[in-house]
Amino acid sequence: MIFHQTFNSNANYNFNIAIYSDTVWENHFHKNLELIYILKGNLTCTLNSTTYKMTAGDFGLCLPYDIHSYVPQKGCEYWILVFSGDFVHSFSKEIVGKIGNGCVFRAKKTIER
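How each quantity is defined
Position labels on residues start from 1 in each chain and follow its written sequence. Reporting in this predicted model follows two pLDDT cut-offs: at least 70 for local features of residues, and 80 or more for side-chain atom pairs to be given and counted; totals over whole chains, interfaces and linings ignore these cut-offs and use all residues. Calculated side-chain values reflect all of the structure's heavy atoms, with hydrogen atoms and water omitted. In this text, helices come from DSSP runs of H or I with a minimum length of four residues, and strands from runs of E with a minimum of two, each type numbered from the N-terminal end. Partly exposed describes any residue whose relative accessible area lies between the buried limit of under 20% and the exposed limit of over 50%, with all areas from a 1.4 Å probe on protein chains only and scaled to the type maximum. Within 3.5 Å is the distance limit for a polar contact, defined as a pair of N or O atoms, with the added protein rule that one can donate a hydrogen and the other accept it, and that residues adjacent in sequence qualify only through two side-chain atoms. For this text, the term disulfide refers to a pair of cysteine sulfurs within 2.5 Å. What makes two strands pair is DSSP finding at least two bridges between them. Contacts are assigned to residue pairs that have any heavy atoms within 4.5 Å of one another.

A. Representation of the side chain of His68 within the structure. Within the fold, His68 resides in strand β8 (residues 68-72). The exposure class of His68 is buried, given its relative accessible area of 1%. A polar contact is formed between the side chain of His68 and the side chain of His30, at a distance of 3.4 Å. A polar contact of 3.0 Å, which involves the side chain of His68, links it to the side chain of Glu34.

Given below as structure tokens:
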């Protein structure tokens, strides 16, 4: 089943941020962008039917309306920021109507915590 997170699909300049421990998020989508960062442990991310194994230090980016889910392994902690495209207006204009093809990346050591 896929659900629409309406609370992440409304209002201009809307954002929310939280740290989760061992929380599973089933397939869902929303209008806002989503950035995930793995603080510790491992997590399986499915983005538009492609599965990615993420580990501590990895980031992932979901575009608006991408269908995504997260299944952490025991002991995993991760940070999620969901934010409206109003904060990144130029980027948002470039991705209108596009579907993400999997954006998992790692920051350079100089900026990791």
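B. Quick look at the state of the cysteines. A complete count under the given rule lists zero disulfides for this structure. Cysteine Cys62 is unpaired, with the sulfur of Cys45 as its nearest cysteine sulfur at 5.4 Å. Judged by relative accessible area, Cys62 falls into the buried class, the value being 2%. Of all cysteine sulfurs in the structure, the one in Cys45 sits closest to Cys76, which takes part in no disulfide; the separation is 11 Å.

C. Quick peek at the sheet that holds β8. Read across the open sheet, the five strands follow the order β1-β3-β8-β5-β6; overall the sheet is mixed. Each end of this open sheet is capped by a strand with a single partner; those strands are β1 (3-4) and β6 (50-55). The pairing of β1 with strand β3 (residues 25-29) spans two bridges and is parallel. Bridge pairing links His4 to Phe29 in β3.

D. Geometry of the environment of Thr23. By the element assignment, Thr23 lies in the loop between β2 (15-21) and β3. Owing to a relative accessible area of 26%, Thr23 belongs among the partly exposed residues under this scheme. What Thr23 contacts, discounting residues up to four positions off in sequence, is Tyr70, Pro72 and Tyr78.

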